Structures are given as C-alpha cells and as structure tokens.
Amino acid sequence: MQETRTRPAVLILLGPPGAGKGTQARMLEQAFGLVQLSTGDLLRAAVAAGTPAGRAAQAVMARGELVSDEIVLAILNDRLARPDTARGVILDGFPRTPGQAAALDALLDGQGMAIGAAVSIAVDDAAMIARIAGRFTCAECGAGYHDRFKQPHEEGVCDECGGTAFTRRADDTAETVAARLRAYHEQTAPLIAYYESRGVLQTVDGMGAIPDIAGALGAIVKKVTA
Ligand code: AP5
C-alpha cells in the first residue's frame, strides 16, 4: 500500500503591526499542527533572557525599527533547526526585508522545501492603532486578547490555560506603533510584489471578523498541504 504523505507547509504571514498575524498563526497552529515561528516572539524571548542578540535588539525594538537581518536570521535558524518544525511552519513577521526573503529562499532550497503561500493580510492603518492599543496577552501561555475585539470568556481568566496574569507589550505605545507602521510600508510591503512575481502570493481581507479570516487562511493551508 502506498504511503500518503502531506508536504511540509511553509506559510508566510505578511501584514503590518496589528494585522492579526499572531492571532491567526496561533489558530493555524492549533488547527493544523503547524509550528508558529514569530520572529517578534523569538526576539522578545532573547531580550528577556538577556542574550547578546537580545541586548542588541532591545533598543531597536523600543524605537519600532527593524532589528538587523544578521540577528534575526541567526535567531530564526536556531529555531528552525528544532525537530518540531518538520511538519510545517507558519512564519509570522518574517521575512520583513528583501535580504531576509533572499536568505529564506536559500535556506529552503538547501532543504528541498518551497514556500507554499505568502499571505498578505490586508488592513487599514487607522484600524491598526485601535487594535494594538487594546491588545493584551496571557503571561502564562501567550494567548492574545483585546479589550474590545477578543475578551476572555471569563473576565481576568485566560481561556486557554486558566492563567490570571496578563501583560501588555512595551512597544505598543502610539509613537512606537507609528514607527512600526512606517517600517512596514518602507521595508516589508515591497515583499508583496516579490511574492506575487514568484506566483505564491495570496491576499486575505484582514478587516473581517477573526473566525472568518481563520477560515480563509485554513482553506489556503489545506490547498498547500494537499
Ligand atoms: P512583531 O512582534 O512581529 O510585531 P508586529 O509585526 O508589529 O505585529 P504585531 O505582533 O504587533 O501584530 P499582529 O499582526 O501579530 O497582530 P495580533 O494578532 O497581535 O515585531 C515586533 C518588533 O520586533 C518589530 O517592531 C521589530 O523591531 C522586531 N522584529 C520582529 N521580526 C523582525 C524581523 N523579521 N526583522 C527585523 N525586526 C523584527 O493582533 C493585534 C490585536 O488585534 C490583538 O489584540 C487581537 O486580539 C486583535 N485582532 C486580531 N485580529 C483581529 C480582527 N480581525 N478584528 C479585530 N481585532 C483583531
């Protein structure tokens, strides 16, 4: 009997701060067993651990600018080397520059893998400020919430782990968000055309409700893993 195998999915989520990349990557992880690789989370962990990379990244992140490709690629390569990524990954917040996109191509080529889809989550900048201003996260498990758009079912208790401590990100101030949006438009948005030219671009309307966007992304994952 012939063994049926699913191809490891490499899904890129592109979108400005607040587009919902983290929210959706987490849902896809749970639904499809893929691994969410968020360079923002990896960098925040490095900052918290006080590693040399984390110390170099801290001030850059606080200004809302992009951390150097060298640091980001080193952190991502370490994470990709772990065996849980073999089934497939959702790249959340990576690549963010043409240099990172080229490095990713070379890395995947070397492993005989290809990008299944690069999904641009299309949103309005103005709405992103409101989304980010209301965001908070479970301090135990990292589940994301919003003061208006996604509250825990029981106030003050995480739906996923029952934790009762929540945090807000240091770079979610109005000034830093404006800088992050600028960095996105100047350095990351050009990747949309790059992935379109490679024939892997998909666009999803990110202004809808969270479950509707999850449905659209789930359909893309099913297609690229079929
Ligand atoms: P990173 O952590 O990647 O942040 P970001 O790209 O600014 O994105 P966010 O995490 O703010 O937003 P999101 O799209 O994940 O939205 P979320 O799902 O939380 O990067 C932080 C910093 O690290 C960068 O500024 C940079 O310095 C550095 N960095 C990271 N990667 C790098 C790289 N590759 N190269 C260089 N530097 C790098 O949603 C936001 C809120 O809205 C939540 O509260 C959520 O509940 C709510 N929400 C989500 N979807 C919806 C919806 N459809 N409707 C209503 N509310 C919604």
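The structure under discussion appears in the preceding block.
So, here is what we can say about the structure in this document. (Residues numbered from 1 in each chain as written. Predicted model: local features only at pLDDT ≥ 70, side-chain atom pairs only at ≥ 80, totals over all residues. Heavy atoms only, no water.)

### Topic: helix H6 (residues 125-133)
For H6, the set of buried residues is Met-128, Arg-131 and Ile-132. Angularly, the buried residues of H6 cover 90° about the axis, an arc narrow enough to put them on a single face. Residues of H6 that are exposed and point over 90 degrees away from its buried face: Ala-126 and Ala-133. Where H6 is buried, its residues meet strand E5 (135-138), strand E6 (144-146) and helix H7 (174-188). (Buried < 20%, exposed > 50% of the residue type's maximum accessible area, 1.4 Å probe, protein only. Helix = DSSP H or I, 4+ residues; strand = E, 2+ residues; numbered from the N terminus. Arc of directions from axis to C-beta. Contact = heavy atoms within 4.5 Å.)

### Structural notes on the sheet that holds strand E3 (residues 88-92)
One key point about sheets: their strands pair by backbone hydrogen bonds, in either a parallel or an antiparallel sense. With respect to topology, five strands assemble into an open sheet ordered E2-E3-E1-E4-E8, the strand pairing being parallel. The open sheet terminates on both sides in strands that have one partner only, identified here as strand E2 (35-38) and strand E8 (201-205). Recorded for the sheet is a direction-independent mean angle of 25° between the axes of neighbouring strands. By the bridge criterion, four bridges tie E2 to E3 in an arrangement that is parallel. (Pairing = 2+ DSSP bridges. Axes fitted to C-alpha atoms, helices over the stretch in contact; angles between N-to-C directions.)

### Focus: the sheet that holds E6
If you walk across this open sheet you meet the three strands as E6-E5-E7, and the pairing is antiparallel. Because the sheet does not close on itself, it has two edges, and the strands there are E6 and strand E7 (166-167). Bridge count for E5 against E7 is two bridges, and the pairing is antiparallel. Residue pairing across strands places Cys-138 opposite Phe-166, the latter belonging to E7.

### Description of the side chain of Lys-21
Structurally, the position occupied by Lys-21 is in helix H1 (residues 21-32). Asp-92 provides the closest opposite charge to the buried, unpaired Lys-21, separated from it by 5.1 Å. Among the polar contacts made by the side chain of Lys-21, one reaches the main-chain carbonyl oxygen of Pro-16 at a distance of 3.1 Å. What Lys-21 contacts, discounting residues up to four positions off in sequence, is Leu-13, Leu-14, Gly-15, Pro-16, Asp-92, Gly-93 and Ile-121. (Lys, Arg positive; Asp, Glu negative; His and termini not counted. Salt bridge = Lys/Arg side-chain N within 4 Å of Asp/Glu carboxyl O. Polar contact = N/O pair within 3.5 Å; in protein donor to acceptor, adjacent residues only side chain to side chain.)

### Comments concerning the site of the ligand
Around the ligand there are 34 residues in total, and Thr-23, Glu-65, Arg-96, Arg-135 and Arg-180 lie nearest to it. A distance of 2.6 Å separates an oxygen atom of the ligand from a polar side-chain atom of Thr-23. In the model, an oxygen atom of the ligand is placed 2.9 Å from a nitrogen or oxygen of the Arg-169 side chain. Here the ligand loses 95% of its free accessible area of 1000 Å² to cover by the protein chains. Of all the elements in the fold, those that place two or more residues in the shell around the ligand are H1, helix H2 (39-49), E6 and helix H9 (210-225). Element by element, the count of residues in the shell around the ligand is highest for H2, at four residues. Class assignment for the residues of the shell around the ligand results in 13 nonpolar, 11 polar and 10 charged. (Near = heavy atom within 4 Å. Areas by Shrake-Rupley, 256 points an atom, 1.4 Å probe, with all protein chains shown as cover. Nonpolar A, V, L, I, M, F, W, Y, C, P; charged D, E, K, R; others polar.)

### Here's the deal with the nonpolar core
Side chains of nonpolar character tend, in soluble globular proteins, to be buried together. Counting residues in each nonpolar core, the largest one holds 27 residues, and the members touching the most others are Ile-12, Leu-43, Val-67, Leu-91, Leu-104, Ile-115 and Tyr-195. It is helix H4 (residues 69-80) that provides the largest number of residues to this core, a total of five residues. Non-local contacts of Ile-12, meaning those with residues more than four positions away in its chain, are made with Leu-91, Phe-94, Pro-95, Leu-104, Ile-115, Ala-117, Ala-118, Val-119 and Tyr-195. By size, the runner-up hydrophobic cluster in this structure holds 15 residues, among which are Leu-11, Leu-34, Ile-213 and Val-221. (Core = buried A, V, L, I, M, F, W, Y, C linked by side-chain atoms within 4.5 Å.)

### Some points on the packing of H6 against H7
Orientation of H6 relative to H7, taken along the N-to-C sense of each, is 135°, at an axis distance of 11 Å. As summarised for this structure, H6 and H7 are arranged oblique, according to the angle between their axes. Seen along the crossing, H6 lies across H7 with a hand that is right-handed. Counted together, Asp-125, Ile-129 and Ile-132 of H6 and Val-177, Arg-180, Leu-181 and His-185 of H7 form the full contact between these two elements. (Parallel < 35°, antiparallel > 145°, perpendicular 65-115°, else oblique. Left-handed = near helix turned anticlockwise from the far one by under 90°.)

### Some details on H4
Between its first and last C-alpha, H4 extends 16 Å over 12 residues, near the 16 Å set by a 1.5 Å rise per residue. The set of residues buried in H4 consists of Ile-71, Val-72, Ile-75, Leu-76, Arg-79 and Leu-80. All buried residues of H4 project into a common sector of 160° when viewed along the axis, lining one side. In H4, the exposed residues that point more than 90 degrees away from the buried face are Glu-70 and Asp-78. (Expected span 1.5 Å × (residues − 1).)

### Some remarks on the packing of aromatic side chains
Per the counting criterion, the structure on display carries four aromatic pairs. Considering the side-chain rings of Phe-136 and Tyr-145, the 5.8 Å spacing of their centres and the 25° angle between planes classify their relative orientation as stacked. Across the pair, exposure class does not vary: Phe-136 and Tyr-145 are buried alike. Among the residues examined, Phe-136 registers a relative accessible area of 11% and is labelled buried. Counting every residue linked through ring pairs, the aromatic cluster contains Phe-136, Tyr-145 and Phe-166. One Lys or Arg, Lys-150, reaches over the ring of Tyr-145 and ends 5.0 Å from the middle of that ring. (Phe/Tyr/Trp six-rings, centres within 6.5 Å; stacked < 30°, edge-to-face > 60°. Lys NZ or Arg CZ within 6 Å of the ring centre and 35° of its normal.)

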